[in-house]
Amino acid sequence: MQYPNFTKEHKSLMAKYLTKEVFEELKDLKTANGFTLSKAIKSGIDNPDSGIGVYAGDKESYDTFGALFDSIIQEYHGFSKEDKHKSNLNPDELDAPNPDPKDEFIVSTRIRVGRNLADFPLGPAISKEQRDEVEKIVSSTLGLLKGSLAGKYYPLLGMSEADRLSLVEDHFLFKAGDRFLESAGLNRDWPSGRGIYHNNEKTFLVWINEEDELRIISMQKGGDIKEVFQRLVLAISELEKKMKFAFSDHLGYITSCPTNLGTAMRASVHIALPKLAKDMEKFKSITDKHHLQIRGVHGEHSQSEDGIYDISNKRRLGVTEVQCVQDMYDGVVELIKTEKEVI
Ligand code: ADP
Ligand code: ARG
């Protein structure tokens, strides 16, 4: 493998930290699952507009290719090689009374975590047989859930195109054909092994074998952020009794993209801020202060519609789950206050 031909367009953290020295150190290494540097960086090379540009094939990748991953993790999360991740999933410690009880601004709230099974490689290095096995294990375990979490699994294989598109449009299901995932090898054998589980109300959902093997999701209309968190915590604790997830004391929950390490949590609201949207500088100063990210209404890499934005925590590693949600909550309170003040 040759040193990549980076252009001026390659702006990812991978392009920044893959110096010739780091490349020489890592180029011939391989994990037990056969994952290599060239597989890890392919997405960032194929997609020069990547912000991160790198994926892990297994937990071991984070050690084997540490000379690259550590710098990316340090810059994205402000988390050093010596730090240890901390967890706190106690909803009693979250201070989040509904910031919009009259439903004037917040359309919906969603909190998700990523998880991967401890005994399998991550999606970029998984084989078709292993992926199908993960689907079987996870969907049958979900089938054991009771009460408010009870639901049904809908595999993508055999789902009508109309049903799939309506689930995507209504914000319940992942999109098909993401080019970053494609280059990372995460769309291989599509749609086999992929699917979505949900309860009847679609307030508790689990994506199987997208970017991570599980994305555990709690969502509902309005701004009762604490209720959404409580449902998610219940689901995580029930699933943790039945499955072993990939985890390390240093990096927390192991995910295929380094941005999701740690809590693997993204807590978001869809919120209408049409006035603030006309003053992006002010908007961004508030989101930056609270460590928040702005996305469009159809998820990552999408545009906002009708002044509605997806606002979520940016920090996931080295902060607890409660802190991730608190970051989002505190920022949303300030955004609503400012939106009301703008004439
Ligand atoms: P992820 O959160 O899983 O990393 P995306 O940004 O692609 O990935 O979002 C996935 C889906 O979840 C998209 O359809 C997006 O619109 C939807 N979504 C995110 N936040 C909310 C929210 N607060 N309310 C409703 N849907 C949401
Ligand atoms: N690989 C893409 C990039 O570098 C996405 C990174 C973060 N998003 C994610 N879904 N993991 O821009």
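Everything here concerns the structure above.
Residues numbered from 1 in each chain as written. Chains lettered and ligands numbered in written order. Predicted model: local features only at pLDDT ≥ 70, side-chain atom pairs only at ≥ 80, totals over all residues. Heavy atoms only, no water.

Remarks on the environment of T36
With respect to the secondary-structure elements, T36 resides in the loop between α2 (20-26) and α3 (37-46). Separated by 177 residues in the primary sequence, T36 and E213 place their C-alpha atoms 20 Å from one another. Not counting the four nearest positions on each side in its chain, T36 is found in contact with L29, K30 and F65. (Helix = DSSP H or I, 4+ residues; strand = E, 2+ residues; numbered from the N terminus. Contact = heavy atoms within 4.5 Å.)

Some points on the pattern of salt bridges
On inspection of all chains with the given rule, the structure shows 18 salt bridges. Where K284 meets D288, a salt bridge forms, and the shortest distance between an N and an O atom there is 3.9 Å. A residue pair is termed a helical-turn pair when its members lie 3 or 4 positions apart in one helix, as K284 and D288 do in helix α10 (residues 280-289) at four residues. The exposure class assigned to K284 is partly exposed, which follows from its relative accessible area of 40%. Residue classification places D288 among the partly exposed positions, given a relative accessible area of 47%. Notably, a salt bridge pairs K337 with E341, separated by 3.4 Å at the nearest N-O pair. Here K337 pairs with E341, and both are found in helix α11 (residues 321-341), just four residues apart, close to one helical turn. For E341, a relative accessible area of 51% gives the class exposed. Via salt bridges that share partners, E24, K27 and D28 belong to a single interconnected network. (Salt bridge = Lys/Arg side-chain N within 4 Å of Asp/Glu carboxyl O. Buried < 20%, exposed > 50% of the residue type's maximum accessible area, 1.4 Å probe, protein only.)

Observations regarding the sheet that holds strand β4 (residues 204-208)
The strand order across the open sheet built from eight strands is β2-β3-β4-β5-β1-β8-β10-β9, with neighbouring strands paired in antiparallel fashion. Edge strands, defined here as strands with exactly one partner in the open sheet, are β2 (151-155) and β9 (292-295). Between one strand axis and the next, the sheet turns through 20° on average, direction left out of account. Where strand β1 (residues 106-115) lies against strand β5 (residues 214-221), eight bridges are found, and the strand directions are antiparallel. Residue pairing in the sheet places I111 in a bridge with S218 of β5. The sheet contacts of α10 involve β9 and β10 (308-313), and relative to β9 the element is tilted by about 135°. (Pairing = 2+ DSSP bridges. Axes fitted to C-alpha atoms, helices over the stretch in contact; angles between N-to-C directions.)

Comments concerning the site of ligand 2
In the neighbourhood of ligand 2, the contacting residues comprise S50, G51, I52, G53, Y55, F180, E211, C257, T259, N260 and E300. In the model, an oxygen atom of ligand 2 is placed 2.8 Å from a nitrogen or oxygen of the G51 main chain. Here a nitrogen atom of ligand 2 sits 2.7 Å away from a polar atom, N or O, in the side chain of E211. For ligand 2, whose accessible area on its own is 340 Å², the fraction buried by protein is 90%. For the shell around ligand 2, the class distribution of residues is four nonpolar, five polar and two charged. (Near = heavy atom within 4 Å. Polar contact = N/O pair within 3.5 Å; in protein donor to acceptor, adjacent residues only side chain to side chain. Areas by Shrake-Rupley, 256 points an atom, 1.4 Å probe, with all protein chains shown as cover. Nonpolar A, V, L, I, M, F, W, Y, C, P; charged D, E, K, R; others polar.)

Side note on empty space enclosed by the protein
With a probe scaled to a water molecule rolled over the atoms, the places where space remains empty come into view. The final tally for this structure, using the stated rule, is one cavity of 30 Å³ or more. Of the pockets and cavities examined, the largest cavity occupies roughly 60 Å³. Together, N116, G123, I126, R131, L186, R194, N209, E210, E211, D212 and E213 line the largest cavity. For the lining of the largest cavity, a count of residues per class yields two nonpolar, three polar and six charged. (1 Å grid on protein atoms, 1.4 Å probe; cavity = no way out; pocket = protein on both sides within 12 Å on 5 of 7 lines; lining within 4 Å. Points joined across faces, edges and corners; volume = space filled by probe spheres on them.)

Things to note about the side chain of S192
Topologically, S192 is positioned in the loop between α8 (179-183) and β3 (195-199). Among the residues examined, S192 registers a relative accessible area of 10% and is labelled buried. If we skip the residues at most four places from it in the chain, S192 touches K128, R131, D132 and L157.

Observations regarding the site of ligand 1
Of all residues adjacent to ligand 1, which total 18 residues, the nearest are S108, R110, R112, S268 and R295. Within the backbone of V297, an N or O atom sits 2.9 Å from an oxygen atom of ligand 1. A total of 560 Å² of accessible area belongs to ligand 1 in isolation, and the protein chains cover 92% of it. Taken together, the elements giving at least two residues each to the shell around ligand 1 come down to β1, β5 and β8 (265-272). Class assignment for the residues of the shell around ligand 1 results in four nonpolar, seven polar and seven charged.

Observations concerning a negative patch on the surface
Residues E169, D170, E305 and D306 make up a contiguous surface patch of negative charge. For D170, the location among the structural elements is in the loop between α7 (161-169) and α8. (Patch = residues over 30% accessible without salt bridge, like charges linked within 9 Å, V, L, I, M, F, W, Y side chains within 5 Å. Lys, Arg positive; Asp, Glu negative; His and termini not counted. Charge placed at Lys NZ, Arg CZ, Asp CG, Glu CD.)

Brief notes about the pairing of β3
Of all five residues that make up β3, five are buried, and the element is covered over most of its length. Bridging between β2 and β3 involves five bridges; their strand directions are antiparallel. For K152, the partnering residue across the bridge sits in β3 and is H198. As paired elements, β3 and β4 share four bridges and run antiparallel to each other. Considered in β4, the bridge of Y197 is made with V206. Taken together, β3 and the strand that follows it, β4, pair antiparallel across an intervening segment of four residues, in which K202 is found at a positive phi of about 55°.

Treat this as a map of the structure, not an account of what it does.
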